Amino acid sequence: MTPLNRRRFLALSLGGLGAAAFAACTSELQVGAPELPQAAPTTPAPTLPPPPTPTPLPEPPVMPRGREVVTLMPGTEWEASGVVFHSGQPGPRLMILGGVHGNEPGGWLAAEGIAEWEVQRGMLIVLPRLNHRSAAAFERTIEGYGDLNRLYPGDPNGVPMARMAHEVVGLATEWRPHWLFDLHESWGFFNERGPNGGTAFIGQTVTSAGPAPALETVASLVEAVNARITSREELTVRSRPGGNFGGGGVFGDRDDLNGLSVRRGSSSLSIGRFVPGVNPVLVEMGQQDQPETRRAELHQMLVTEMATRLGMT
Ligand SMILES: [Zn+2]
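Residues numbered from 1 in each chain as written. Predicted model: local features only at pLDDT ≥ 70, side-chain atom pairs only at ≥ 80, totals over all residues. Heavy atoms only, no water.

S.K.: Could you clarify how one ought to interpret the coordination of the zinc ion in this entry?
M.R.: Ideal values for angles at a metal depend on the geometry: 109.5 degrees with four tetrahedral donors, 90 or 180 degrees with six octahedral donors. Within the protein, His 101 (ND1), Glu 104 (OE), Glu 104 (OE) and His 184 (ND1) serve as the donor atoms for the zinc ion, at 2.1 to 2.4 Å. One can describe the site at the zinc ion as irregular: its 4 donor atoms subtend angles covering 58 to 154° at the metal. All donors to the zinc ion come from one chain, and their sequence spacing reads H-x2-E-x79-H. Exposure remark for His 101: the relative accessible area of 3% places this residue in the buried category. (Donors = N, O, S within 2.8 Å, 3.2 Å for Na, K, Ca; no water. Tetrahedral: all angles 85-135°; square planar, octahedral: opposite > 155°, others 65-115°. Buried < 20%, exposed > 50% of the residue type's maximum accessible area, 1.4 Å probe, protein only.)

S.K.: In this structure, what is going on with the pattern of salt bridges? I would like to understand it.
M.R.: Proximity of charged atoms lets side chains of opposite charge pair with each other. Here the structure, examined in full by the defined rule, presents 13 salt bridges. Across the pair Glu 118 and Arg 65 runs a salt bridge, and its minimum N-O distance is 3.6 Å. One end of the pair, Glu 118, is in the loop between α2 (105-114) and β4 (123-127); the other, Arg 65, is in the loop between α1 (3-31) and β1 (66-72), and 53 residues separate them in sequence. A relative accessible area of 48% places Glu 118 in the partly exposed class. On the basis of relative accessible area, Arg 65 is assigned to the partly exposed category, the value being 41%. Note that Arg 140 is salt-bridged to Glu 104, the shortest N-O span being 3.9 Å. (Salt bridge = Lys/Arg side-chain N within 4 Å of Asp/Glu carboxyl O. Helix = DSSP H or I, 4+ residues; strand = E, 2+ residues; numbered from the N terminus.)

S.K.: What exactly am I supposed to notice about the sheet that holds β1 here?
M.R.: Across a sheet, strands are paired by hydrogen bonds formed along the backbone, either parallel or antiparallel in direction. Taken in spatial order, the 8 strands of this open sheet run β1-β2-β4-β3-β5-β10-β6-β7, and their pairing is mixed. Single-partner strands in this sheet number two, and they are β1 and β7 (236-239). Shown here is a sheet whose adjacent strand axes are inclined to one another by a mean of 20°, direction ignored. Bridging between β1 and strand β2 (residues 80-86) involves 7 bridges; their strand directions are antiparallel. Considered in β2, the bridge of Gly 66 is made with His 86. Seen against the sheet, α2 touches β3 (93-97), β4 and β5 (179-186) and runs at an angle of roughly 145° to β5. Across the face of the sheet, helix α5 (residues 212-226) comes into contact with β5, β6 (205-208), β7 and β10 (279-286) while running at roughly 170° to β7. (Pairing = 2+ DSSP bridges. Axes fitted to C-alpha atoms, helices over the stretch in contact; angles between N-to-C directions. Contact = heavy atoms within 4.5 Å.)

S.K.: Any chance you could explain the environment of Arg 65 here in plain terms?
M.R.: Distance in space between the C-alpha atoms of Arg 65 and Gly 122 is 9.9 Å, their sequence separation being 57 residues. Excluding its chain neighbours within four sequence positions, the residues that come into contact with Arg 65 are Phe 85, His 86, Ser 87, Gly 88, Glu 118, Val 119 and Gln 120. Here Ser 87 takes part through its backbone oxygen, which lies 3.3 Å from a polar atom of the side chain of Arg 65. Reaching out from Arg 65, the side chain makes a polar contact with the backbone oxygen of Val 119 at a distance of 2.9 Å. (Polar contact = N/O pair within 3.5 Å; in protein donor to acceptor, adjacent residues only side chain to side chain.)

S.K.: Explanation requested: the environment of Gly 188 in the structure shown.
M.R.: Residue placement: Gly 188 occurs in the loop between β5 and β6. Distance in space between the C-alpha atoms of Gly 188 and Gln 204 is 8.6 Å, their sequence separation being 16 residues. Residues within four places of Gly 188 in sequence aside, it is in contact with Ala 200, Phe 201, Ile 202, Gly 203, Gly 286 and Gln 288.

S.K.: Explain helix α7 (residues 292-309) to me, please; I cannot follow it from the model alone.
M.R.: An α-helical segment advances 3.6 residues per turn. Residues three or four places apart therefore align on the same side. For α7, built from 18 residues, the straight-helix expectation of 26 Å at 1.5 Å per residue is met to within 8% by its first-to-last C-alpha distance of 26 Å. Packing partners of the buried residues in α7 comprise β3, α2, β5, β6, α5 and β10. Just downstream of α7 lies Gly 311, where phi reads positive at about 75°. (Expected span 1.5 Å × (residues − 1).)

S.K.: Which parts of the structure should I look at to understand the pairing of β6?
M.R.: Every other side chain in a regular strand lies on the same face of the sheet, so the side chains alternate between the two faces. Judged by which residues are buried, β6 turns out to be covered on both faces: Thr 205 and Thr 207 on one side and Val 206 and Ser 208 on the other are all buried. Note: β6 against β7, 4 bridges, orientation parallel. Bridging from a neighbouring strand, Thr 207 pairs with Arg 238 of β7. For the segment spanning β6, α5 and β7, crossover handedness is right-handed. Where β6 lies against β10, 4 bridges are found, and the strand directions are antiparallel. Paired with Val 206 across the two strands is Val 283, which belongs to β10. (Right-handed = clockwise from strand over helix to strand, strands pointing away.)

Structure (structure tokens):
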């Protein structure tokens, strides 16, 4: 059993205990209720049952300070490792995805650096190279794998990247990050796009899928980063509430890809729909006339700003 599966089992057990505790509390209240006197001849007020109390999801446990290695799709050729850094203190939980597309090195270089960070509060979850075989081939993805950023929430029986998406959602469900940053690259700069720019010109953009307060936070960090970089490098904030971005087709329909059934899905911006409480942010740096070291640096500046504001550093 992998550490991932062990922890998932633990989370499920806690959920069951929570439900049992709630049931016990309810019956105690009924036992202690005083008997009411006979109703007076006036019309009694109708008695309504109390509204059901939603069972809150248990908070993930605070683990002792240290770095834990996690492995997604263990034992397969797509196996991807990552780290969970536990500060040992309760606090914000921040998740970083890198290497979702194999021809976007700025994102995975940044994520590999972030995987070395230590935080003082909360926890940091980093999956730096999610599609490492595509990265080795320097292709967006390999034919037959599927596009990881079009397959959320994933499918445990689907093509390799659908299975990977399923495991990313599983890890997010386990640790329930408050924020998830997915680090990508595009070719052109958004501010330099022509009338037919399309998705090849979304470099230097930061897209928030969260509700208005999350968008305000993202806009504020972008403003802080923009004050420290050149005018060409400036980042543009975009909003895609709920993450309806690039799914293509009807969500949930099945396509056939090399004989394997693939459920049409969405980008990582949709993860908040599957894991309550997650605010996804998709970052795109432009590759055109911008060295990859600088792209990685800009990704890290943004994540550093977020971690600082969250009081994690
Ligand atoms: Zn990408």
